[in-house]
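Fold and geometry: a report
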Amino acid sequence: MQTIFKKILLKFPSKKGERALEKCLAFLANNKIDFEIKEHNDETGKYFLAKSMNLNNGQIITSGKNLVELDKNIKDAIYSAFDVPAYYCDYSKIRNINEPIKELKYATI
């Protein structure tokens, strides 16, 4: 159902959404967002917390139960920080360009 909804919305794009996506991808093409990753354990269990290290206009903070979930959540948080509507988000356009996994840097491909 969500895929059908996304396809319908893409046939009627919003200028605001398109501009937000363009701004996000242009920023990532020219800049890298560094994330510090820390592993936490508490009463809810083990999780990973990611915090951006080099954004001038604030921070991006997100978490995940494992590194795969954390990677998806970081990409989602990057799009959210640039006010990109969910139906414009393509996670394949953003990738981790740094190894090892303890610090992540994201940019467009």
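Nothing here was measured: the structure is a model prediction, and the numbers come from that model.

Turning next to the nonpolar core. Ranked by internal contacts, the top residues of the largest apolar core, which has 22 residues, are Cys24, Phe35, Ile37, Ile74, Ile78, Tyr79 and Val84. Among the elements of the structure, helix H2 (15-30), strand E1 (33-42), strand E2 (45-52) and helix H3 (67-81) are those that each provide at least two residues to this core. Non-local contacts of Cys24, meaning those with residues more than four positions away in its chain, are made with Ile78, Tyr79, Phe82 and Val84.

Enumeration according to the criterion identifies 3 aromatic pairs in this entry. Ring centres of Tyr79 and Tyr91 lie 6.2 Å apart, and the angle between their planes is 40 degrees; this geometry places the pair in the tilted category. Linking Tyr79 in helix H3 with Tyr91 in the loop between H3 and strand E4 (94-96), this pair joins segments that are 12 residues apart in sequence. Classification of Tyr79 by relative accessible area gives buried; the value is 0%. According to the relative accessible area criterion, Tyr91 is partly exposed, its value standing at 28%. Taking the centre distance of 4.9 Å and the plane angle of 40 degrees together, the rings of Tyr87 and Tyr88 count as tilted. On the basis of relative accessible area, Tyr87 is assigned to the partly exposed category, the value being 22%. Given a relative accessible area of 10%, Tyr88 falls into the buried group.

Keep in mind that low pLDDT regions are not for reading the predicted coordinates in detail. Predicted confidence across the chain gives a mean pLDDT of 85, with 81% of residues reaching 70 or more. Per-element confidence in the chain is highest for strand E3 (residues 61-64), whose mean pLDDT is 96, and lowest for strand E5 (residues 103-108), whose mean pLDDT is 66.

A few words now on the pairing of E3. Each regular strand displays side chains that alternate between the two surfaces of the sheet. Covered by surrounding structure in E3 are Thr62 and Gly64 only, the residues Ile61 and Ser63 on the alternate face being uncovered. Note that E2 and E3 share 4 bridges and pair antiparallel. From the neighbouring strand, Leu49 faces E3, where its bridge partner is Ser63.

Conventions we followed
Counting from 1, residues in each chain are numbered in the order their sequence is written. For this predicted model, a pLDDT threshold of at least 70 governs which residues receive local features, and a threshold of 80 or more governs which side-chain atom pairs are given and counted, while totals over whole chains, interfaces and linings are taken from all residues. The side-chain figures draw on all heavy atoms in the structure; neither hydrogens nor water molecules are used. Think of a nonpolar core as a cluster: buried Ala, Val, Leu, Ile, Met, Phe, Trp, Tyr and Cys residues, connected wherever their side-chain atoms sit within 4.5 Å. Exposure categories follow from relative accessible area, calculated using a 1.4 Å probe and restricted to protein chains: below 20% of the type maximum is buried, above 50% is exposed, and the middle band is partly exposed. Starting at the N terminus, helices and strands are each numbered in turn, a helix being any DSSP run of H or I of at least four residues and a strand any DSSP run of E of at least two. It only takes one pair of heavy atoms within 4.5 Å for two residues to be counted as in contact. A pair of Phe, Tyr and Trp rings is counted when the ring centres sit within 6.5 Å of each other, with Trp represented by its six-membered ring. The angle between the planes then sorts it: under 30 degrees is stacked, over 60 is edge-to-face, the rest tilted. A residue's pLDDT is the predictor's confidence in that residue, given on a scale from 0 to 100. Any two strands with at least two DSSP bridges between them are considered paired.

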